[in-house]
Amino acid sequence: VGGTFTDVAAFNETTGELQLGKTLTTPARLVDGIASGVAKAGAGFSAATLFLHGTTVAINTLLERTGARCALLTTEGFRDIYEIGGVNRPESYNLFFKRHEPLITRDLRYEVRERVDAQGKVIIGFDEDEVRAVVADAVRQGVQAIAILFLHSYANPRHERRVKEIIEEAYPDLFVTASHELSQEYREFERTSTAAANAYVGPRVRRYLVEMRDRLGAAGFAGDFLIVQSTGGLFDVDEAQRACVRMLESGPAAGVIATKALCDGIGLRNAIAFDMGGTTAKAGVIHDGDVLMTGSTMIGGYATGLPLQIPMIDIQEVGTGGGSLARIEAGGALRVGPESAGAAPGPVCYGLGGSEPTVTDASLILGRLGVDRFLGGEMRLDLKAARRAMVERIATPLALDPAVAADGILRIAVTKMSHVVRWVTTERGLDAGEFALVAYGGAGPLHAAMVARELRIGKVVIPRAPGHFSAFGMLVADLRRDFVNTWFTPLATASFAELEAKYAEMECRGKAAVERGAGPAGITVTRGADMRYVGQEHAVYVELPAQLFAAHDRDGIKRRFDAVHGTRYGYSAPAEQAEIVSLRSAVTGLLRKPRFERIAQGGAVPPADAHRGSRAVYFAESGGYVETPTYHRPLLSAGNRIAGPALIEEYAATTVVHPGDVLEVDAFGDLVIEIRRS
Amino acid sequence: MNAATDRAAMSHGHRPDPVITEIVRNGLIAVTEEMKTNLMRTAYNMIIYEALDFTVGIFDAQGNTASIGLGLPMFIRGMSDTVKAKIAHYGVKNLEPGDVLLTNDAYITGSHLYHMTFTVPIFDDGELVAFSCCMAHWPDVGGTLDGATTDIYSEGLQMPIVKIYRRGEPNEELIAIIKANVRLPERAMGDFRAQVAAVKTGERRFLEMIQKYGRDAVLGGIEAIMNHSEAATRARVREIPDGIYEAESFMDDDGVNIGQRVPIRVRVEVSGDRMKVDLTDVSKQVAGFYNSGETAGRSCCQVAFKCLTSALDLPINDGQFRALDIVLPPGRVVSAQKPAAMRMWMTYPMTVIDTIFKALAPAIPEHIIAGHHADLVVGRVNGRRPQDDSFYIYLGGLIGGGWGAKHDSDGRNATIALNDGDTHNGPTEQVEAKYPLLVERYALRPDSGGPGRYRGGLGTEQIVQARHNIRFNSQMDRVVCKPWGLFGGLAGYGNSVAIHRFAAATEQRFPNGKALNQVLKSGDAYILRSGGGGGFGSPLDRELAAIARDVYCGYVTKGAAEKYYGVVFVPETNEIDIAASESLRAQMRTQGLPHDEPIAEPAVPQPVPHDHAHHEVHEQLTDEERLVLAMSCRCCS
């Protein structure tokens, strides 16, 4: 479910058939929106066995600050850690800097006398009556949810667990969340923030999901209801109601999962998932067949955002999209974004009141977008207005030709996006040039080839229905549970029995979770650890195959860590001791998935009816405008080859094939572009 | 077209391409960002990783700043001046590809010996085109651990400008000298590797940019970026009314001449599109370790200038400072000369900057802030871990303090002082896992924010218990000279440090903030308290609703609300009696109330309890009993 549209994809397990639908999101009745989308997709609830759902309800509640009134219960002496945070000032020279705004105000942050130390030993036990009194006061203040954070609960969750029980006994309707249920990793501010966010969105998400389940039931649905998490994995709706923050970034995650499925289908091991929309571009990575993950993120940006410490797909974002504004700043510098025209007023060419040129306007001026081809021709674009704005605001002040200015704007936007794409690879010590670029989202296909060339990427893949690609990702997702447990231990003395016990405990919980309900076709388990050299602060994630533990292969673990460190940071220190910071485990329950549908096979030459005329398109590499053929994507067949320059148009996207590049349609209808090495 | 772009046009014979310039600008930011991340994640010490006490950057062939990543703001000049010193030392013709230049010379970097500064000359096709540079704070460089220093020789290893790598080959003899002179050589070598990797990353990425866009385009782009920055800052200076603006403040003392104030006087002259900052009347260099070099004095002026003219403009580059003139004779406390002690170099410059803002307050009240706590509020601990007797050094504190209020909003609570930027405190859970310490409390200090129409931000308090014997040092300032208010706003609380001995009835206080060479036994605790920010405007003009919220949330106590804000509460409630408050406020206005107390009265020195109050009890307890009992004593105080 998106803000404007609800995408629906239906998969018939028997025939392997896939149906797609799209409907307006009806804010008042989200469930109605989905029901009508399901109907449009030609599917029915009663025959379905599985209902998969990705939703923005949690993230919107957080970003719009429309969540519940919450209280925080925390260790005595630490009620302010949530407000103090990291004390950092990222905008170091800005005297008017802002900080994160806690979701729970100070008057509702309560202290409880208790203490556990870093080894998990209880130093001071707590008084249950004190807890009851504190909670009674919070309830009098009208809270709907309570978050609990006690220091070192990752090492010993007993106090958090018992306090939660006490609250639930007294107030069964309160939404209660204890930090260790979401994160068993050290860093108390991040864990507080995670628990607080969960409490904040919890009551609303729970209401939404319960209503959805009831309506599905009323519509005759009797199967399993699963939700997409930020890991791209699915979890069942009961669990989703408790661990709501795990679904915050489900939309972007689903796009990366779709990319992984596409890669699996066409035999790509390394790819970058590149999603460009109206205001942002996002990048995730498939490396050696696996989606790269991260352990934390900042919701709302680095400078003033709220940290969330849970496993999720590592997706980096830059404020560059079709709506990004081009401006001349003080001093005469040309800038593109991060300010965006958004949906309203939108780019100048939409004719909705926008007056500043955007990336989309530049694409129109260069002929890459067609005046009468936008949204299948449903919306006519105003080229004249776009060109006028470009001339007045950019080209004339900089004494540039309007086309050169428009091209420059695209090049600036492209380099900015290429930095974020490069970032997701170099931060791991990988080389972007060795990856394929899978581009989707409304604007992805328009700019993908330029981004690829900037990064010396040789291959671009535009999947079918790039605008629906994220929705499709849900259908190819698996059940998944992630666990992290901080356990500071020198590798040299770590007990394999203890390691095994800790992993087994996580895996046991994971298997129980994914075996419920849907009943997976198989279960896989991955193990890993955050490790560092003794004395280092930052740890890196190292995947550790189970055999290493079975064989008690301490040196093997060390070698893998050295290798990861070497790749990532350019050096390793094999002679130095390593230590474990946290153990990580992911348990996946495999589900049946739609097969990618093959399209009709054709020859190298595209069918004549796919050719839809031509128009003048500006390419800097050709020195100006060149007459460029346009093709209607739905009529292309597998095996068709098209040499650039060319434009491939479909309902909500246009793919640009640059001069010298060659496009081939693969068996599944993906557009695969070989980028000429310049 | 302005003068700045004209100059670029002349020097290159053509107009710089605005598109390439913007691409290069984004590229430079990305390069320095990558250097920064690489360093942070590979560093061995918390000072680099959490405190982000480092700076990375790219410099042009003359050593001018092209881009520095956000690290330590007060080091805004440190690397450029160090690169220039290295160029002067060797001469351009004696620099070769593969060289890595190193120094920690305090009088070159302007700071202390902990700042190891690595530089790589970048060659394209045999020609020197730029430098990549990285400074990072090492946890130890030798020297005395505890107490005060009075010259540079007692502060540790001094590494003059050397080639630590010569044409790609490490100089093992120099490395051996470093290892022999630091207490934690393995950690030091970890940071060493991380820094070399960071400067090499900068070199590689910069060369890739040249490969892609061409050398002339990149170098011309850098010049155009500087010219744009210059033009933008000049335009902003032009908006400041011409005039001469002066202000004064002081540091409490230099740690040696106890109680002797150190004057900070600044003079700012604005004329057209130029600003001149004159630090001639800042105190002469001092006997204690609070001196900093000329580079730091110049950094003070540039940081203040950037805050006021180009706060958010990136990358940080020397074009931003062309409109700034600096007058700074040698021998001042921020232009100290050898062998002045420099270990706490960063403390005084923060107050110098705040004083510059104070001077400019009448000119641009909507762009400045009231005084902030202006100290890093650090506690330094060393000891041996009981389980294996291993030696450790822990830089505690960095707890954040209050920032000054502004013309339209309250000051920020609990934020790191001006010297640092994206510096993080260390998580309590990490500290307790790594060191035999227990953090008993980390909280905001109610009433610490200076009262005002807009209230100063709140300082914080951290209480840390020793779980075995440790040595503790804290060298704070701005205990006596509290963060000042502006336009009728009152001062916030000053910083302070105290020790609470096991089961003692009172805290041991340090009136000048210097707690040197203190031995803490298990069960004792040190207490760091950061000051609040100054208020802005009269507290009698603060909206009653805002005060009600402050009291409700506990940021301001009822007593303070009555005394400073003229608020009357309905008896036995937290509810404000509006009519009574209005009349009290009117009365206070006529009486010239509330009184500002910008200078803390020197506390009466207390007898130092040399032995533990309950020594016998202390010895009889188990470790756990002692710990719990110690916490119980403090929590009720």
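The rules behind each value
By convention here, each chain's residues receive numbers from 1 onward along its written sequence. Here the convention is simple: chains get letters from A, ligands get numbers from 1, in the order in which they are written. The predicted nature of this model means local features are confined to residues of pLDDT at least 70 and side-chain atom pairs, given and counted, to a pLDDT of 80 or more, with totals for whole chains, interfaces and linings taken over all residues. To obtain the side-chain values, all non-hydrogen atoms of the structure were used and water was disregarded. Every helix listed is a DSSP run of H or I at least four residues long, and every strand listed is a run of E at least two residues long, numbered separately from the N terminus. For a compact globule the rule gives 2.2 Å times the number of residues to the power 0.38, and the radius of gyration it is set against comes from C-alpha atoms. Accessibility here uses a 1.4 Å probe with only protein chains present; expressed as a share of the type maximum, an area under 20% marks a residue as buried, one over 50% as exposed, and anything in between as partly exposed. By definition in these notes, contact holds between two residues if any of their heavy atoms fall within 4.5 Å. Computed with the Shrake-Rupley method and a 1.4 Å probe, the accessible areas treat only the protein chains shown as cover for residues. Reported buried area values correspond to the accessible surface (1.4 Å probe) lost by two parts on association, with both partners' losses combined. One side-chain nitrogen of Lys or Arg within 4 Å of one carboxyl oxygen of Asp or Glu is enough to make a salt bridge. Two N or O atoms form a polar contact when they lie within 3.5 Å of each other; inside protein one atom must be a possible hydrogen donor and the other a possible acceptor, and for residues adjacent in sequence the pair counts only when both atoms belong to side chains. In summary, the pairing rule links any two rings of Phe, Tyr or Trp, Trp by its six-membered ring, whose centres are within 6.5 Å, and it sorts them by plane angle into stacked for under 30 degrees, edge-to-face for over 60 and tilted for everything else. Being paired, for any two strands, means DSSP has found at least two bridges between them. Axis lines are fitted through C-alpha atoms, for helices just across the contact stretch, and the angle between N-to-C directions can take any value from 0 to 180 degrees. We call a crossover right-handed when, viewed with both strands directed away from the observer, the connection leading from the first strand over the helix to the second proceeds clockwise.

As for the overall build of chain B
When its secondary structure is counted, chain B shows 16 helices and 20 strands. For 637 residues, the compact-globule formula gives about 26 Å, and the C-alpha radius of gyration of chain B, at 26 Å, lands near that figure. In terms of overall dimensions, chain B has C-alpha extents of about 80 × 60 × 40 Å along its principal axes. Taken across its 637 residues, chain B has 65% of its residues classed as buried. Taking as baseline every contact in chain B between residues at least 6 positions apart, the subset at least 24 positions apart corresponds to 73%. Taken as a whole, chain B presents about 21400 Å² of accessible surface, with 51% of it coming from carbon and sulfur.

Things to note about the interface of chain B and chain A
By a widely used convention, the size of an interface equals the accessible area lost when the partners come together. With 101 residues of chain B in contact, the opposing surface of chain A contributes 79 residues. It is Arg41(B), Tyr44(B) and Glu429(B) in chain B that bury the most area against chain A; as a group they hold 11% of the surface buried on that side. The residue Glu454(A) makes a salt bridge to Lys212(B) at a minimum N-O spacing of 3.4 Å. The interface formed by chain B and chain A includes 35 residue pairs in polar contact (both at pLDDT 80 or more).

Side note on the pattern of salt bridges
Here the structure, examined in full by the defined rule, presents 75 salt bridges over all chains. Here Arg584(A) and Asp530(A) are joined by a salt bridge, their closest N and O atoms 3.0 Å apart. With Arg584(A) in strand E27 (residues 578-590) and Asp530(A) in strand E25 (residues 522-533), the pair connects residues that are 54 residues apart, well separated along the chain. Judged by relative accessible area, Arg584(A) falls into the buried class, the value being 13%. For Asp530(A), a relative accessible area of 9% corresponds to the buried category. Residue Lys163(B) is joined to Asp99(B) by a salt bridge in which the shortest nitrogen-to-oxygen separation is 2.8 Å. Placement of the pair is Lys163(B) in strand E6 (residues 162-166) and Asp99(B) in the loop between helix H4 (78-90) and strand E3 (100-103), with a sequence separation of 64 residues. In terms of burial, Lys163(B) and Asp99(B) fall into one category: buried. Overlapping salt bridges bring together Glu128(A), Asp129(A), Arg132(A), Arg162(A), Glu165(A) and Glu169(A) as one network.

Digging into the packing of aromatic side chains
Residues and elements named next belong to chain B. Tallied over the full model, the rule gives 17 aromatic pairs over all chains. Where phenylalanine 75 meets tryptophan 345, the ring centres are 6.4 Å apart and the plane angle is 80°; that geometry is what we call edge-to-face. Of this pair, phenylalanine 75 sits in the loop between strand E2 (65-68) and H4 while tryptophan 345 sits in the loop between strand E11 (324-327) and helix H10 (347-360), placing them 270 residues apart in sequence. Looking at phenylalanine 75, the relative accessible area reads 1%, which means it is buried. What makes tryptophan 345 buried here is its relative accessible area of 1%.

A look at the sheet that holds strand E10 (residues 274-278) of chain B
All names here are of chain B. Ordered in space as E8-E9-E10-E11, the 4 strands form an open sheet in which the pairing is mixed. Sheet topology places strand E8 (243-251) and E11 at the edges, where each strand pairs with a single neighbour. Pairs of neighbouring strands in the sheet enclose a mean axial angle of 15°, with direction left out of account. Two strands pair when backbone bridges link them, and strand E9 (residues 262-271) and E10 are joined in this way by 5 bridges, in the antiparallel orientation. Among the inter-strand pairings, serine 271 is bridged to a residue of E10, identified as arginine 274.

A closer look at unusual backbone geometry
As a rule of thumb, non-glycine residues mostly have phi less than zero, and peptide bonds are mostly trans rather than cis. In this structure, the amide linkage connecting Lys338(B) to the following residue, Pro339(B), adopts the cis form with an omega of 5°. With respect to the helices and strands, the residue Pro339(B) is situated in the loop between E11 and H10. With omega at -5°, the peptide bond leading from Leu593(B) into Pro594(B) counts as cis. Tracing the sequence through the fold places Pro594(B) in the loop between helix H14 (578-590) and helix H15 (615-620). The phi torsion at Asp288(A) lies on the positive side, around 50°, for a residue other than glycine. Residue placement: Asp288(A) occurs in the loop between strand E13 (281-287) and strand E14 (290-291).

Topic: the pairing of E11(B)
The alternating pattern of E11(B) places Leu324(B) and Ile326(B) on a buried face and Asp325(B) and Val327(B) on a face that is not buried. After leaving E10(B), the chain enters helix H9 (residues 294-309) of chain B and then returns to the sheet as E11(B), a path that is right-handed.

Description of the sheet that holds strand E31 (residues 646-650) of chain A
All names here are of chain A. The strand order across the open sheet formed by 4 strands is E28-E29-E31-E32, and the pairing between neighbours is mixed. Strands with a single pairing partner mark the edges of an open sheet, and in this sheet they are strand E28 (611-619) and strand E32 (653-657). Each adjacent strand pair in this sheet contributes to an overall mean axis angle of 30°, direction not counted. Note that E31 and E32 share 5 bridges and pair antiparallel. Counterpart to glutamate 650 in the pairing with E32 is alanine 653.

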